[in-house]
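Here is how the chains run, residue by residue.
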Amino acid sequence: MSVTRRQFGKLAIAGTAATALGVLSTKGIAQTPSQVILGVHPGALPRMDKSTGLTQTNAIDNTEESTTATIAANTANRSAANGSIPIVVESYDLATSQVKTVLTTSAILLPGEQLSGFATLKDGTLIVAASGGGLSKKNQANANIRLIFLGKSIKTLPLSGLKDRQELLSLARSQDDSLIGIVSGANGVPPYSLVAVNPKTGEVTVKNQLPDQEQYSNLTECTDGTLYAIATEQSGITSLYQIKEGQKTPLELEGQPWNSGFIGLVCSASNQLFAVGARRYEFPNYIHLIDGKTGELKRLTAFNVSKIAIA
């Protein structure tokens, strides 16, 4: 669509305001953390208007002047040209089952880059972990991993302290408002380690080693200090794993063993556990309430995101 430079400038400002509103909404959400789950996923690649050489959402004419419009259009065109895409954050209200888009960033994810973690700090800061950008699939294990801080101005921070070919499988907020995660060897194979991630420096330090019998991901810490992860056997049989106690509880949905793993796990302020995922050959992903004692899953509603965090 075509707009004037002044109109585009207003749209650019409105877009920035919408981004800020998304972050402020997230901060408001954080005041009632037991009620809202946030999800993140890659956005769509900007489409190019062949007649103008501009992205469709940023096409302009020359009837009015706007430096903001020119800069924003050029930035969007460069992003479209190099294949970068935005990140979208959605919220799921447990009380109303409503799903809303609260934030859409500029094109920040690099070609081939995957979302490997998502966490929120207590002040509402949203942090995404991304890896594999610009490399072929067979070489992605060697890719640098970076933290992306979402908001009105996006900043990135590379992780340091990982060994060659180690991967970050999960990211979560600890009760002291620091970051913790799970790392593995290349392609998600053992050894697995529970790590601390410094959100100011990107430094990764090992806290504990995890058993090698299964695959571990989707770390979360409850307000009572209990650490949980999702443990998945080679057969796909999936369990809730209490890290400190070493206790494993197999998960079931409607009396059938869950054999598909999960893409996300969070713990609410009231220590309720929620996981997002789908059974094999099933689409989209759904939110499930987990009974931590029995392993029984209760399906709530669709929430088709890549990673989740508690607000």
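Report follows, based on the coordinates. (Residues numbered from 1 in each chain as written. Predicted model: local features only at pLDDT ≥ 70, side-chain atom pairs only at ≥ 80, totals over all residues. Heavy atoms only, no water.)

### Looking at the pattern of salt bridges
And step 1. Evaluated as defined, the whole model comprises 6 salt bridges.
And step 2. Between R146 and E113 there is a salt bridge whose closest N-O contact spans 2.8 Å. With R146 in strand β8 (residues 145-150) and E113 in the loop between β5 (99-104) and β6 (114-120), this pair connects stretches of sequence that are 33 residues apart.
And step 3. Here E113 falls in the buried class, since its relative accessible area comes to 8%.
And step 4. Of the charged contacts, one joins R279 and E282 as a salt bridge, the two residues approaching to 3.3 Å between their closest N and O atoms.
And step 5. Overall, R279 belongs to the partly exposed group, its relative accessible area being 32%. (Salt bridge = Lys/Arg side-chain N within 4 Å of Asp/Glu carboxyl O. Helix = DSSP H or I, 4+ residues; strand = E, 2+ residues; numbered from the N terminus. Buried < 20%, exposed > 50% of the residue type's maximum accessible area, 1.4 Å probe, protein only.)

### A closer look at the side chain of E214
And step 1. Among the structural elements, E214 can be located in the loop between β13 (204-210) and β14 (215-221).
And step 2. Within the structure, E214 has its side chain in polar contact with the side chain of K248 (distance 3.1 Å).
And step 3. Setting aside its immediate chain neighbours within four residues, E214 contacts Y192, A231, T232, E233 and K248. (Polar contact = N/O pair within 3.5 Å; in protein donor to acceptor, adjacent residues only side chain to side chain. Contact = heavy atoms within 4.5 Å.)

### Points about the packing of aromatic side chains
And step 1. For the coordinates displayed, the defined rule picks out 4 aromatic pairs.
And step 2. Aromatic side chains Y192 and Y216 sit 5.4 Å apart centroid to centroid with 80° between the ring planes, which places their arrangement in the edge-to-face category. Of this pair, Y192 sits in strand β12 (residues 192-197) while Y216 sits in strand β14, placing them 24 residues apart in sequence.
And step 3. Given the relative accessible area of 0%, Y192 is considered buried. (Phe/Tyr/Trp six-rings, centres within 6.5 Å; stacked < 30°, edge-to-face > 60°.)

### Things to note about the state of the cysteines
And step 1. The tally for this structure, following the rule as stated, stands at 1 disulfide.
And step 2. Two residues share a disulfide in this structure: C222 and C267, whose sulfurs sit 1.9 Å from each other. A torsion of 105° about the S-S bond marks the disulfide between C222 and C267 as right-handed. Note that C222 is positioned in the loop between β14 and β15 (227-232) and C267 in strand β20 (residues 264-267), a separation of 45 residues in sequence.
And step 3. Note on C222: relative accessible area 2%, which makes it buried.
And step 4. Assessed through its relative accessible area of 5%, C267 is described here as buried. (Disulfide = S-S within 2.5 Å.)

### Details of the sheet that holds β20
And step 1. Strand order in this open sheet of 6 strands is β19-β18-β23-β22-β21-β20, and the pairing throughout is mixed. The sheet terminates laterally at β19 (256-257) and β20, the two strands that pair on one side only.
And step 2. The pairing of strand β22 (residues 286-290) with strand β23 (residues 296-302) spans 4 bridges and is antiparallel. If you follow I290 over to β23, its bridge partner there is L297. (Pairing = 2+ DSSP bridges.)

### What to know about the environment of S260
And step 1. Tracing the sequence through the fold places S260 in the loop between β19 and β20.
And step 2. When its relative accessible area of 28% is taken as the criterion, S260 is described as partly exposed.
And step 3. For the pair S260 and T238, spaced 22 residues apart in the sequence, the C-alpha separation amounts to 6.7 Å.
And step 4. Discounting residues that sit within four places of it in the chain, S260 has contacts with G236, T238, A278, R279 and R280.

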